[in-house]
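Residue strings, one per chain:
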Amino acid sequence: MSQRAPFYLPSGLPTPLPEPDGLSAPYWGGLRENRLLVQRCAECRTWQFGAEWICHHCHALDPDWVEVEPRGRIFSWERVWHPSHTALTGYGPYLAVLVELPQAGAVRMIGNLLGDPMQEFAFGEEVVGQFEHHADGTIPFTLLHWKRIS
Ligand SMILES: [Zn+2]
């Protein structure tokens with residue numbers, strides 16, 4: 001297994017950036033402050049993730065960004081063996097999870113599951129978000145990973 005410290009994934013991966021129009025900038029900015037922000041429509045109160053300029057339910061413009069507790073449950077997962085980027089060559093496996101947030105309309109977001117990449121776990125198992133700050137690069141950013149509670 002490859003070295004996992006100080007970051008879960010190796011260096012050399014593309015820096016996650018908001019789109020040029022800033023659509024997801026509140027999400028990325030929130031992560032930098034250890035806050036998970038998810039969009040919620042001010043008109044119909046529907047949650048959604050990822051970022052959109054309109055509400056998928058009622059088509060109102062500019063959904064609000066609301067802070068939610070970074071806790072969820074594993075909806076799906078994959079143990080990734082194949083390097084999807086050259087920086088990941090020889091690195092795998094690692095665990096990618098689709099986490100559902102019951103407190104935010106059951107929106108789902110992709111992340112990595114921290115810990116042993118060969119660990120066993122169950123669908124529906126509870127996870128808590130872990131903010132991984134990358135402050136040394138030209139453009140600082142933060143990733144949200146997930147860790148099992150049990
Ligand atoms: Zn709406």
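Above this text sits the structure in question.
Residues numbered from 1 in each chain as written. Predicted model: local features only at pLDDT ≥ 70, side-chain atom pairs only at ≥ 80, totals over all residues. Heavy atoms only, no water.

### Some points on the environment of Glu 43
Tracing the chain through its elements places Glu 43 in the loop between strand E1 (36–40) and strand E2 (47–48). Expressed as a C-alpha distance, the spacing of Glu 43 and Leu 61, which sit 18 residues apart in the sequence, is 9.2 Å. Contacts of Glu 43, omitting those with residues within four sequence positions, involve Cys 58 and Ala 60. (Helix = DSSP H or I, 4+ residues; strand = E, 2+ residues; numbered from the N terminus. Contact = heavy atoms within 4.5 Å.)

### Details of helix H1 (residues 25–32)
Buried within H1 we find Tyr 27, Gly 30 and Leu 31. Buried residues of H1 fall within an arc of 100 degrees about the axis and therefore sit on the same side. Of the residues one or two after H1, Asn 34 is the one with positive phi, at around 60 degrees. (Buried < 20%, exposed > 50% of the residue type's maximum accessible area, 1.4 Å probe, protein only. Arc of directions from axis to C-beta.)

### Brief notes about the pairing of E1
Most of E1 sits inside the fold, with four of its five residues counted as buried. Bridge analysis of E1 against strand E3 (residues 64–68) gives five bridges, and the strand direction is antiparallel. Considered in E3, the bridge of Leu 37 is made with Glu 67. Pairing of E1 with E2 involves two bridges; the strand directions are antiparallel. Within E2, the position partnered with Gln 39 by the bridge is Gln 48. Between E1 and E2, which pair antiparallel and follow one another directly, the connecting turn spans six residues, one of which, Arg 45, has a positive phi of 70 degrees. (Pairing = 2+ DSSP bridges.)

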